[in-house]
Amino acid sequence: MKGLWDYLYNKDKRLFEYINKRIKCKLLDIFMPRITHLGGASFTVLSCLFLYIFGKDQAKTAAMQAFVTITGSQGIVQLFKNTIARKRPYLVLPDVNTFWSKLLKDHSFPSGHTTAGFSLAAVLAMHFPAYSLISYSLAAMVGLSRIYTGMHYPSDVLSGAFLGMACATLIEFFM
């Protein structure tokens, strides 16, 4: 079993290094640190508030479901982060490209920004299918930005995407 974990970690690390180091360019250095904020608490919660205040019936319902989904999924993210305690890539790997002077001290698994982005995207896609490509594309860009900026491994991002969509599906089922 240890051999399998080592194999998966090495693949995860290699993909991280490819995204964080090999595709690095000036345009992405400007774009990625900005797009990452679309998965942050400020943007996702304010999006829900905006939809609720200015939206009609369907938008208000989507806003409530998105808020519940984001809140619930972030609780699960914190539980996993504190239980699994995986160190962020810049604390483990040499020469990781980071874009902030003050780096995070919490753990990396799963990506909270990606979870929030996919939580919001999935709820919006369920209520407004015509916009699903846009919402999922933005969520995927948030996930990619988390790797590019050195904050997360690809497996952190994939697990965050899965968690966000799973929570959105459960909330849709129960609400």
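Located above this text is the structure these notes cover.
Right, let's walk through the structure included here.

Rules used throughout
- Residues numbered from 1 in each chain as written.
- Predicted model: local features only at pLDDT ≥ 70, side-chain atom pairs only at ≥ 80, totals over all residues.
- Heavy atoms only, no water.
- Patch = residues over 30% accessible without salt bridge, like charges linked within 9 Å, V, L, I, M, F, W, Y side chains within 5 Å.
- Areas by Shrake-Rupley, 256 points an atom, 1.4 Å probe, with all protein chains shown as cover.
- Salt bridge = Lys/Arg side-chain N within 4 Å of Asp/Glu carboxyl O.
- Helix = DSSP H or I, 4+ residues; strand = E, 2+ residues; numbered from the N terminus.
- Buried < 20%, exposed > 50% of the residue type's maximum accessible area, 1.4 Å probe, protein only.
- Phe/Tyr/Trp six-rings, centres within 6.5 Å; stacked < 30°, edge-to-face > 60°.
- Lys NZ or Arg CZ within 6 Å of the ring centre and 35° of its normal.
- Expected span 1.5 Å × (residues − 1).

**Brief notes about a nonpolar patch on the surface**
Here is step 1: Among the surface-exposed residues, Val45, Leu46, Leu49, Phe50, Tyr52, Ile53, Phe54, Met64, Phe67, Val68 and Met175 lie close enough to one another that they form a single nonpolar patch of about 1,100 Å² accessible area.
Here is step 2: Those elements that provide at least two residues to the nonpolar patch are helix H3 (41–54) and helix H4 (57–84).
Here is step 3: Ranked by the residues each element gives to the nonpolar patch, the list is headed by H3, at seven residues.
Here is step 4: For Phe50, a relative accessible area of 52% corresponds to the exposed category.

**Details of the packing of aromatic side chains**
Here is step 1: Applying the stated criterion to the full structure yields six aromatic pairs.
Here is step 2: Ring geometry for Phe50 versus Phe54: centroids 4.9 Å apart, planes at 50°, classification tilted. Of this pair, Phe50 and Phe54 both sit in helix H3, separated by four residues, roughly a single helical turn.
Here is step 3: Relative accessible area serves as the criterion here: at 61%, Phe54 is assigned to the exposed category.
Here is step 4: A ring pair is formed by Phe118 and Tyr136, whose centres lie 6.2 Å apart and whose planes are at 35°; its orientation type is tilted. Here the residue Phe118 occupies a position in helix H6 (residues 112–127), and Tyr136 occupies one in helix H7 (residues 132–148), the gap between them amounting to 18 residues.
Here is step 5: For Phe118, a relative accessible area of 9% gives the class buried.
Here is step 6: Here Tyr136 falls in the partly exposed class, since its relative accessible area comes to 29%.
Here is step 7: An aromatic cluster of at least three residues, connected via ring pairs, comprises Tyr9, Phe16 and Tyr153.
Here is step 8: Its guanidinium or amino end placed over the ring of Tyr52, Lys60 lies 4.7 Å from that ring's centre, counting from NZ or CZ.

**Side note on H4**
Here is step 1: Compared with the 40 Å implied by 1.5 Å per residue over 28 residues, the 40 Å span of H4 between its first and last C-alpha is a close match.
Here is step 2: Here H4 has its buried residues at Ala59, Ala62, Ala63, Gln65, Ala66, Thr69, Ile70, Ser73, Val77 and Lys81.
Here is step 3: Positive phi shows up at Ala85, right after H4, with a value of about 55°.

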